[in-house]
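Examination of the molecular architecture
Given next are the chains, with one letter for each unit.
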Amino acid sequence: MVAGLEQSVTLTFGLLVAAIAAGIVLSRWPRACGWVCSVLLAGALAMSGWIAMTVSQSGAAAVALAGVELHLTRLNVIFIGLVLGLGLLATIYSVRYIEHSLRDETAPKHGALRYYPILMLFLASMVTVISLTDLIAFFIAWSIMSLSALALILHEYHRPEVLAAGIKFAIFTLIGNAAIFVAIMLYGSSTGSYVLEGN
């Protein structure tokens, strides 16, 4: 393994966890919360750029993080960068979105607390999904990502059209997750392993 790669991956995920925590702790100050989350995401994006350069020069690598093996290839590090880059833009946009949302008197309280931690969890779980070859861990990360997406869709659940969209998403997600779970079980029973090969 390339020197420093494991520390860089750990730091990247540490910044994502810090962004989730910042979303909770700073939710009373929505503007500051949005900007702190943005800065932490920018740091994670910068680290993912270094990881991408390292992997492109040295080839695919496996890194253990919290007992789970992450596989980094030239392809998936590009997608990690895209997720974090687009997530950073969405978080910057969210600073104004949340301010507008909080001015809506019909909206439920604690809008920032219901938004920023979930957005950061969504991004962290998406980065994790991209990096996993263990299908059980993949399914857990995928489920967290799906539930986070549902919570983001339902952020303005007091609006009937948003609630209707959330219900549709929940139904389709439940069906999709069930199909993924069945596929994973079939793969495991036919191959004797829940790890994807050929990464």
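For the structure given in this document, a descriptive report is provided here. What you see is a predicted model, and the numbers here were worked out from it, not measured in a lab.

**A short note on the layout of surface pockets**
- Reported here for the largest pocket is a volume of approximately 350 Å³.
- Taken together, 17 residues make up the lining of the largest pocket; nearest its centre are Phe 13, Ala 124, Ser 125, Thr 128 and Ala 141.
- Contributions of two or more residues to the lining of the largest pocket are made by helix H1 (5-25), strand E2 (68-72), helix H4 (116-131) and helix H5 (135-153).
- Class assignment of the residues belonging to the lining of the largest pocket gives a composition of 15 nonpolar, two polar and no charged.

**Some remarks on unusual backbone geometry**
- The phi angle at Ala 66 is positive, at roughly 55°, despite the residue not being glycine.
- Mapped onto the elements, Ala 66 comes out in the loop between strand E1 (61-65) and E2.
- The exposure class of Ala 66 is exposed, given its relative accessible area of 81%.

**Focus on empty space enclosed by the protein**
- Tallied over the full model, the rule gives one cavity of 30 Å³ or more.
- Together, Val 9, Thr 12, Phe 13, Ser 48, Ile 51, Leu 72, Val 77, Ile 80, Val 127 and Ser 131 line the largest cavity.
- Of all the secondary-structure elements, those providing two or more residues to the lining of the largest cavity are H1, helix H2 (30-58), helix H3 (74-103) and H4.
- The residue makeup of the lining of the largest cavity, split by class, is seven nonpolar, three polar and no charged.

**Observations concerning the packing of aromatic side chains**
- Tallied over the entire structure, the rule returns four aromatic pairs.
- Through a chain of ring-to-ring contacts, three or more aromatic side chains come together here, namely Tyr 97, Tyr 115 and Tyr 116.

**A closer look at the nonpolar core**
- If you look at the biggest cluster of nonpolar residues, it comprises 48 residues, and the most contacted ones within it are Val 9, Leu 16, Leu 72, Tyr 116 and Met 120.
- Non-local contacts of Leu 16, meaning those with residues more than four positions away in its chain, are made with Leu 41, Ala 44, Leu 84, Ala 124 and Val 127.

**What to know about the packing of H5 against helix H6 (residues 160-191)**
- Relative orientation of the contacting elements H5 and H6 amounts to 175°, with a least axis distance of 10 Å. Accordingly, the angle class assigned to the pair H5 and H6 is roughly antiparallel. Of the residues in H6, those touching H5 at Leu 135, Ile 136, Phe 138, Phe 139, Trp 142, Ser 143, Ser 146, Ala 149, Leu 150 and Ile 153 are Val 162, Ala 165, Gly 166, Phe 169, Ala 170, Thr 173, Asn 177, Ile 180, Phe 181, Ile 184, Met 185 and Tyr 187.
- Looking at the contact of H5 with H6, its residues break down into 17 nonpolar, five polar and no charged.

**Overview of the pairing of E2**
- Relative to E2, E1 is paired through five bridges, and the arrangement is antiparallel. Looking at the pairing, Ala 61 lines up with Leu 72 of E2.

The rules behind the values
Residues numbered from 1 in each chain as written. Predicted model: local features only at pLDDT ≥ 70, side-chain atom pairs only at ≥ 80, totals over all residues. Heavy atoms only, no water. 1 Å grid on protein atoms, 1.4 Å probe; cavity = no way out; pocket = protein on both sides within 12 Å on 5 of 7 lines; lining within 4 Å. Points joined across faces, edges and corners; volume = space filled by probe spheres on them. Helix = DSSP H or I, 4+ residues; strand = E, 2+ residues; numbered from the N terminus. Nonpolar A, V, L, I, M, F, W, Y, C, P; charged D, E, K, R; others polar. Buried < 20%, exposed > 50% of the residue type's maximum accessible area, 1.4 Å probe, protein only. Phe/Tyr/Trp six-rings, centres within 6.5 Å; stacked < 30°, edge-to-face > 60°. Core = buried A, V, L, I, M, F, W, Y, C linked by side-chain atoms within 4.5 Å. Contact = heavy atoms within 4.5 Å. Axes fitted to C-alpha atoms, helices over the stretch in contact; angles between N-to-C directions. Parallel < 35°, antiparallel > 145°, perpendicular 65-115°, else oblique. Pairing = 2+ DSSP bridges.

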